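Residue-level listing of the chains:
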Amino acid sequence: MIRIAICEDEPILLNQLADTVKMILDKHSLSHTIDLFTNGGALLVREAFDLLLLDIAMEPLSGMDLARKLRTRGDDSKIIFITAHQQYAIDAYDVQASHYLVKPVDIPKLEAVLLKLCSSLKLQHKCAIAIRQGTAVRRIPFDQVFYLEVINRKIHLHTENESLPFYGKLEELEPSLPETFFRCHRSYIVNFDHVQRYDKKDVWLNNMERIPLSKRRYQAFGLEFMGYLKESGDVF
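Please read all numbers here as calculations on a predicted model, not as lab measurements. (Residues numbered from 1 in each chain as written. Predicted model: local features only at pLDDT ≥ 70, side-chain atom pairs only at ≥ 80, totals over all residues. Heavy atoms only, no water.)

**Details of the overall build of the protein**
Each helix and strand counted, the protein has seven helices and 15 strands in total. In terms of overall dimensions, the protein has C-alpha extents of about 65 × 35 × 30 Å along its principal axes. Across the 236 residues that make up the protein, the buried fraction comes to 44%. Counting only contacts in the protein whose residues sit at least 6 apart along the sequence, the fraction spanning at least 24 positions is 53%. (Helix = DSSP H or I, 4+ residues; strand = E, 2+ residues; numbered from the N terminus. Buried < 20%, exposed > 50% of the residue type's maximum accessible area, 1.4 Å probe, protein only. Contact = heavy atoms within 4.5 Å.)

Printed below as a string of structure tokens:
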């Protein structure tokens, strides 16, 4: 499911654009939701979307200023600017906009842009874990995750350089993780990609952190890790 928001301060143009986007995505059987906004302030207080279509010339908050605020809070949504003003094209790079379309929008061009971005988003969803931090959603590629740990009813996602807390339960998250992840303890899930060695009590990661390995999961861990090593070509 791709979550889309369209922000345009002219209601007629807003509905026309929404109808066009829906027609394109329905044509290609892409599952989606579309939320409509007539001002940037209303969108800013909502949780993050996957894809934003923003008019630039809006009041009191322009589409460009809205995009800057979203980026500042950590929002990594794909952004398409749709505007009659070509002079803002260079500014669009400052907020990592994916595309910049000039009104009146060329429908075949919009279709090509939407399909490209939807394909990219679907790939991101498969290859990353999405965590919610406030109203923003951040995606961390699976291969960057060293381990997941439960502390005080929050999950902490650990990468090489940071620890990111978010609300959730390992039981609910575990089925969505790729096979390289293994629950070695009731409070820990480790990524085999970063495991250096293990014994009957602990798992050592390649950043030298030590993760507990429960006694009842030790045998299963060994079998799964050996299978991982064979699959990756590290043992023969």
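**A word on the nonpolar core**
By size, the foremost hydrophobic cluster in this structure holds 21 residues, and its most contacted members are Ile4, Ile6, Val21, Leu51, Leu53, Ile80 and Leu110. Within the residue set of this core, elements represented by two or more residues are β1 (2-7), α1 (11-27), β3 (51-54), β4 (78-83) and α5 (107-127). Leave out the neighbours within four places in its chain, and Leu53 touches Ile4, Ala5, Ile6, Cys7, Leu17, Val21, Ile80, Ile82 and Leu110. Core analysis: the second largest hydrophobic core is formed by 19 residues, Cys7, Leu43, Met64 and Ala67 among them. (Core = buried A, V, L, I, M, F, W, Y, C linked by side-chain atoms within 4.5 Å.)

**Section: the packing of α1 against α5**
One can describe the packing of α1 onto α5 by two numbers: an axis separation of 10 Å at closest approach and a directional angle of 60°. The orientation of α1 relative to α5 falls into the category oblique. Two packed elements cross with a definite hand, and for α1 against α5 that hand is right-handed. Counting all contacts with α1, which are made through Leu17, Thr20, Val21, Met23, Ile24, Leu25 and Lys27, the residues of α5 involved are Ile107, Leu110, Glu111, Leu114 and Cys118. Residues of the contact of α1 with α5, tallied by class, amount to nine nonpolar, one polar and two charged. (Axes fitted to C-alpha atoms, helices over the stretch in contact; angles between N-to-C directions. Parallel < 35°, antiparallel > 145°, perpendicular 65-115°, else oblique. Left-handed = near helix turned anticlockwise from the far one by under 90°. Nonpolar A, V, L, I, M, F, W, Y, C, P; charged D, E, K, R; others polar.)

**So, the sheet that holds β4**
Two modes of strand pairing occur in sheets, parallel and antiparallel, and in both the strands are linked by backbone hydrogen bonds. Strands sit in the order β2-β1-β3-β4-β5 across an open sheet of five strands; the sheet is parallel. Pairing within the sheet leaves two strands with one partner each, and these edge strands are β2 (32-37) and β5 (99-102). Between one strand axis and the next, the sheet turns by 15° as a mean value, whatever way the strands run. Pairing between β1 and β3: four bridges, direction parallel. Residue pairing for β3: Ile4 is matched across the bridge by Leu51. Strands in contact with α1 are β1, β2, β3 and β4; relative to β2, the strand with the most contacts, it is inclined by about 175°. (Pairing = 2+ DSSP bridges.)

**Remarks on α1**
With 17 residues, α1 extends 24 Å from end C-alpha to end C-alpha; this agrees with the ideal 24 Å at 1.5 Å per step. Listed as buried for α1 are Leu14, Leu17, Ala18, Thr20, Val21, Ile24 and Leu25. Looking straight down α1, one finds that the buried residues subtend no more than 165° of arc, so they occupy a single side. Residues of α1 that are exposed and angled more than 90 degrees away from the buried face: Ile12, Asp19 and Lys27. (Expected span 1.5 Å × (residues − 1). Arc of directions from axis to C-beta.)

**Observations regarding the side chain of Arg183**
Note that Arg183 resides in strand β11 (residues 181-185). Within the structure, the side chain of Arg183 is placed 2.6 Å from the backbone oxygen of Arg186, a separation counted as a polar contact. Sequence-distant contacts of Arg183, defined by excluding residues within four places in its chain, comprise Leu170, Glu171, Glu174, Tyr188, Ile189 and Arg217. (Polar contact = N/O pair within 3.5 Å; in protein donor to acceptor, adjacent residues only side chain to side chain.)

**Describing the pattern of salt bridges**
Between side chains of opposite charge, a pair can form as their charged atoms come close. Scanning the entire structure with this criterion turns up 14 salt bridges. Its salt-bridge partner being Glu162, residue Arg138 comes within 2.6 Å of it at the nearest N-O pair. Separated by 24 residues along the polypeptide, Arg138 in strand β7 (residues 136-141) and Glu162 in the loop between β9 (154-158) and β10 (163-167) bring together distant segments of the chain. The class for Arg138 is partly exposed, based on a relative accessible area of 30%. The class of Glu162 is partly exposed, set by a relative accessible area of 33%. One salt bridge connects Arg183 with Glu174, and the closest N-O pair in it is separated by 3.5 Å. On the basis of relative accessibility, which here comes to 10%, the residue Arg183 falls in the buried class. Residue class for Glu174 comes out partly exposed when judged on its relative accessible area of 32%. Residues joined in a network through salt bridges with shared partners are Arg3, Glu47 and Arg132. (Salt bridge = Lys/Arg side-chain N within 4 Å of Asp/Glu carboxyl O.)

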